[in-house]
Amino acid sequence: MTEMELDPVGRPLPRFPEPAPLASHGPARVIAMCNQKGGVGKTTTTINLAAALAEVGRRVLIVDFDPQGAASVGLGISPHELERTVYNLMMERSASLAEVVRSTDIPNLDLLPANIDLSAAEVQLVSEVARESILARVLRPALDDYDVILIDCQPSLGLLTVNALTAAHGVLIPLECEFFALRGVALLVETIEKVRDRLNPRLEVDGILATMYDSRTLHAREVVARVHEAFGDTLLQTVIGRTVKFPDSSVAAEPIITYASNHSGASAYRQLARELIARGDAA
Ligand SMILES: Nc1ncnc2c1ncn2[C@@H]1O[C@H](COP(=O)(O)OP(=O)(O)OP(=O)(O)O)[C@@H](O)[C@H]1O
Ligand SMILES: [Mg+2]
C-alpha cells in the first residue's frame with residue numbers, strides 16, 4: 001500500500017482531480033478575497049488562483065477593489081494611466097462594464113481595474129441609495145460571461161468591503177501563518193454574518209487559506225493547527241508556502257503561474273484551484 005499523503009494538520013490529502021473542461025460558461029460564482037489585516041496574501045491569491053483557474057479553461061474576471069490597485073499592477077497595468085475603472089462604474093450610471101473591463105496577457109483572464117479614484121467612493125457611497133449593493137449591480141451584466149469572478153478587497157471592513165461581500169456568493173480568507181494571524185478573524189466573521197443576515201443571505205465562507213507557510217518552523221505548524229482547532233474543515237487543505245518567488249513575480253507584474261510555472265508556489269495555487277472545484281466552490 002502506498003503511504004497516504006497528509007496535509008499540515010494531519011488530514012489525508014487526496015489527489016484533487018484535474019478539472020474536466022467546461023462545455024459552456026457562466027453563470028459566474030463570485031468570490032470575495034477578504035481579510036482586513038494587510039499583507040496576508042489577498043492580492044497574490046486573487047491573481048494566482050485566477051490564473052490557475054484560467055489555465056484549466058475557466059473564464060475568470062478579477063475585480064480590483066483596492067484603491068492601491070495592486071491586482072491591476074500585478075497584471076501589468078499602470079493604474080494612474082487608466083481613464084475608467086471600477087470607480088466610474090459604481091458612481092456613474094452611464095458607464096458600461098464592457099468599456100472598462102480589459103483582457104490580460106493570460107488567456108481566459110480579464111480584469112476590472114482600480115486606482116486611487118476608488119478611495120473617494122468610500123465617502124461618496126455613504127449618501128447613495130442601496131449603498132451596500134452598488135458593486136453587485138455593477139457586476140450583474142458580467143455574470144453570464146464568466147465562470148468565476150474574484151474580488152480583491154482592500155485591507156479594511158469599510159463600505160467597499162461590505163459591497164464586495166454583498167456581491168459575493170463566497171468568501172475566501174487568506175491568513176498569514178504567523179503569531180497574530182487569528183487576531184481580527186472573529187471580527188471578520190462577525191461582519192460576514194451581519195452581511196448574510198441583512199443584505200446577502202446566500203453568502204458563505206468558502207475557506208480559510210493558510211499563506212506564507214514555512215514547514216521548517218514549529219511556529220507555522222502551530223498556527224495552522226490552531227486555525228484548524230478553531231475553524232475545522234473551513235481550513236483548506238492546500239497551504240501556500242513562503243517563497244521569495246511571489247514578490248519576484250509581483251515585480252515582474254505576472255502571476256507565478258506563468259512567471260515560474262514549475263515552481264512549488266505555482267503548483268500550490270494550481271492545487272488550490274483543484275481543491276475549490278472539488279469542494280464545489282468554483283465551477
Ligand atoms: N506565499 C508567499 N510567500 C512570500 N511572500 C508572499 C507570499 N504571498 C504574498 N507574498 C508577498 O507578501 C506581500 C503581501 O502580499 P499581498 O499583496 O498578496 O497581500 P495583501 O493581503 O493583498 O496585502 P494588502 O492588504 O496590502 O492588500 C507581497 O509583497 C507579496 O509578494
Ligand atoms: Mg492586496
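Relevant structure appears above.
Attention in this report is confined to the structure presented alongside it. A quick note: this is a predicted structure, and the numbers were derived from the prediction, not measured.

## Things to note about the overall build of the protein chain
Counting its secondary structure elements, the protein chain contains twelve helices and eight strands. Taken over C-alpha atoms, the radius of gyration comes to 18 Å for the protein chain, in line with the 19 Å a tight globule of 283 residues would show. For the protein chain, the spread of C-alpha atoms along the principal axes amounts to about 65 × 35 × 35 Å. Here the protein chain, with 283 residues, has 51% of them falling under the buried criterion. In the protein chain, the share of contacts with a sequence separation of at least 24, taken over all contacts with a separation of at least 6, comes to 78%.

## Here we look at the environment of Ala230
Within the secondary structure layout, Ala230 lies in helix α9 (residues 218–231). Take Ala230: its relative accessible area is 48%, and that puts it in the partly exposed class. As for Ala230 and Leu150, which are separated by 80 residues in sequence, their C-alpha atoms are 26 Å apart.

## Description of the pattern of salt bridges
Evaluation of the coordinates by the stated rule reveals 13 salt bridges. The salt bridge partner of Arg11 is Asp233, with a shortest N-O separation of 2.8 Å. Here the residue Arg11 occupies a position in the segment before β1 (29–33), and Asp233 occupies one in the loop between α9 and β8 (235–241), the gap between them amounting to 222 residues. With relative accessibility at 52%, the residue Asp233 sits in the exposed group. Linking Arg84 and Glu99 is a salt bridge whose minimum nitrogen-to-oxygen distance equals 2.5 Å. Taken together, the residues Arg84 in the loop between α2 (70–74) and α3 (86–91) and Glu99 in helix α4 (residues 97–100) connect sequence positions 15 residues apart. Its relative accessible area of 30% is what places Arg84 among the partly exposed residues. Take Glu99: its relative accessible area is 53%, and that puts it in the exposed class. Ionic contacts of the salt-bridge type, sharing partners, join the residues Asp7, Arg11 and Asp233 into one network.

## Quick word on the site of ligand 1
As a matter of local geometry, ligand 1 sits amid 18 residues, with Val40, Lys42, Thr43, Thr44 and Gly241 nearest to it. In the model, an oxygen atom of ligand 1 is placed 2.8 Å from a nitrogen or oxygen of the Lys42 side chain. At a separation of 3.5 Å, an oxygen atom of ligand 1 approaches a polar side-chain atom of Ser250. In the complex, 77% of the free accessible area of ligand 1, which totals 630 Å², lies under the protein chains. When each cavity is represented as a set of grid points, ligand 1 is found to reside in the largest pocket. Those elements that provide at least two residues to the shell around ligand 1 are α1 (42–55), β8 and α10 (245–251). When its residues are assigned to classes, the shell around ligand 1 shows six nonpolar, eight polar and four charged.

## Quick notes on the nonpolar core
Formed by 56 residues in total, the largest nonpolar core has its most connected members in Val63, Phe65, Leu112, Leu135 and Ile151. Take this core: its biggest share by element is six residues, from helix α7 (residues 159–167). The residues touching Val63, leaving out its near neighbours within four places in the chain, are Val86, Leu112, Leu135, Leu139, Ile149, Leu150, Ile151 and Asp152. Met33, Ala51, Leu53 and Leu111 belong to the second-largest nonpolar core, a separate cluster that totals 36 residues.

Thresholds, definitions, all that
Residues numbered from 1 in each chain as written. Chains lettered and ligands numbered in written order. Predicted model: local features only at pLDDT ≥ 70, side-chain atom pairs only at ≥ 80, totals over all residues. Heavy atoms only, no water. Helix = DSSP H or I, 4+ residues; strand = E, 2+ residues; numbered from the N terminus. Rg over C-alpha atoms; globule rule 2.2 N^0.38 Å. Buried < 20%, exposed > 50% of the residue type's maximum accessible area, 1.4 Å probe, protein only. Contact = heavy atoms within 4.5 Å. Salt bridge = Lys/Arg side-chain N within 4 Å of Asp/Glu carboxyl O. Near = heavy atom within 4 Å. Polar contact = N/O pair within 3.5 Å; in protein donor to acceptor, adjacent residues only side chain to side chain. Areas by Shrake-Rupley, 256 points an atom, 1.4 Å probe, with all protein chains shown as cover. 1 Å grid on protein atoms, 1.4 Å probe; cavity = no way out; pocket = protein on both sides within 12 Å on 5 of 7 lines; lining within 4 Å. Sits in = over half its atoms within 2 Å of the grid points. Nonpolar A, V, L, I, M, F, W, Y, C, P; charged D, E, K, R; others polar. Core = buried A, V, L, I, M, F, W, Y, C linked by side-chain atoms within 4.5 Å.

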